[in-house]
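In case you want the letters, here they are:
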Amino acid sequence: MAIADSLSFIKRDNYLIMSFIIGFIIGLIPGIGVLGPLAGGFLYSYFSIFYGEIPRDQGEAIKRGAIMGAILSLVGFVVGVLFWGPMLPMGMMSVSALVLINAFVVGLIIGAVLGGIGGFLSLHVE
């Protein structure tokens, strides 16, 4: 598997955390932040299959990718609120709680969908 050979720093012990870190770093890049859950879900599913944690099954790969995508979107939401909240006029008081809950739920859904797409793509790469 060519990707596993080129990403030799990702080992059996650390593929979960490395998938998270790579997805998080990609998610921080402005303009392409939505690729973070996609990349994290792809890597997590790919290495789960590569190391034999899950069978080479479409449903399992999509589930693994969706879980990683949802986690990455949750962390991205928290980082976004912590970063942009103090910069808003009057701090977070200008944003209602309903808007924050809506952004959180929509972010989780979009992150899970993108991570699931990444998991699906991990089956069809090699």
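Above this text you will find the structure in question.
### So, the overall build of the protein
Moving on, step 1. Regarding its fold elements, the protein presents 5 helices and 0 strands.
Moving on, step 2. Put simply, the protein runs from its N terminus to its C terminus through helices and strands in the order α-α-α-α-α.
Moving on, step 3. Per-residue burial over the protein gives 29% buried out of 126 residues.
Moving on, step 4. Nonlocal contacts in the protein, meaning residues at least 24 apart in sequence, comprise 73% of its contacts between residues at least 6 apart.
Moving on, step 5. For the protein, the exposed surface amounts to about 7,200 Å²; the carbon and sulfur share of it is 76%.

### A closer look at the pattern of salt bridges
Moving on, step 1. Per the counting criterion, the structure on display carries 2 salt bridges.
Moving on, step 2. The salt bridge partner of Arg-12 is Glu-53, with a shortest N-O separation of 3.2 Å. A residue pair is termed long-range when its members are at least 10 positions apart, and Arg-12 in the loop between α1 (2–6) and α2 (15–28) and Glu-53 in the loop between α3 (35–50) and α4 (58–84) qualify at 41 residues.
Moving on, step 3. Lys-63 serves as the salt-bridge partner of Glu-60, at 3.1 Å between the closest nitrogen and oxygen. Taken together, the positions of Glu-60 and Lys-63, both in helix α4 and 3 residues apart, correspond to about one turn of that helix.
Moving on, step 4. Using a relative accessible area of 25% as the deciding quantity, one classes Glu-60 as partly exposed.

### Re α3
Moving on, step 1. Compared with an ideal rise of 1.5 Å per residue, which puts 16 residues at 22 Å, α3 spans 22 Å between its outermost C-alpha atoms and is within 8% of the ideal.
Moving on, step 2. Burial within α3 is extensive, with 13 of its 16 residues counted as buried.

### Some thoughts on the side chain of Ser-19
Moving on, step 1. Summarising the element assignment, Ser-19 is placed in helix α2.
Moving on, step 2. For Ser-19, a relative accessible area of 0% gives the class buried.
Moving on, step 3. For Ser-19, the contacting residues outside a window of four places in its chain are Gly-40, Leu-43, Tyr-44 and Met-68.

### Side note on the packing of aromatic side chains
To describe a pair of aromatic rings, you give the distance between the ring centres and the angle between the ring planes.
Moving on, step 1. Applying the stated rule across the entire model yields 10 aromatic pairs.
Moving on, step 2. On the basis of an interplanar angle of 40° and a centroid distance of 5.8 Å, the ring pair of Tyr-15 and Tyr-51 is categorised as tilted. Placement of the pair is Tyr-15 in helix α2 and Tyr-51 in the loop between α3 and α4, with a sequence separation of 36 residues. With respect to burial, Tyr-15 and Tyr-51 carry one shared label: buried.
Moving on, step 3. Between Tyr-46 and Phe-47, the ring centres sit 5.2 Å apart and the planes meet at 85°, which makes this aromatic pair edge-to-face. Phe-47 shares its class with Tyr-46; the two are buried.

### Section: a nonpolar patch on the surface
Moving on, step 1. Side chains of Ile-62, Ile-101, Val-105, Ile-109, Val-113, Ile-117, Phe-120 and Leu-121 sit close together on the surface and give an oily, nonpolar patch of about 640 Å² of accessible area.
Moving on, step 2. Residue contributions to the nonpolar patch peak at 7 residues, all from helix α5 (residues 97–123).

What counts, and at which threshold
Residues numbered from 1 in each chain as written. Predicted model: local features only at pLDDT ≥ 70, side-chain atom pairs only at ≥ 80, totals over all residues. Heavy atoms only, no water. Helix = DSSP H or I, 4+ residues; strand = E, 2+ residues; numbered from the N terminus. Buried < 20%, exposed > 50% of the residue type's maximum accessible area, 1.4 Å probe, protein only. Contact = heavy atoms within 4.5 Å. Areas by Shrake-Rupley, 256 points an atom, 1.4 Å probe, with all protein chains shown as cover. Salt bridge = Lys/Arg side-chain N within 4 Å of Asp/Glu carboxyl O. Expected span 1.5 Å × (residues − 1). Phe/Tyr/Trp six-rings, centres within 6.5 Å; stacked < 30°, edge-to-face > 60°. Patch = residues over 30% accessible without salt bridge, like charges linked within 9 Å, V, L, I, M, F, W, Y side chains within 5 Å.

That's the geometry; what it means functionally is another story.
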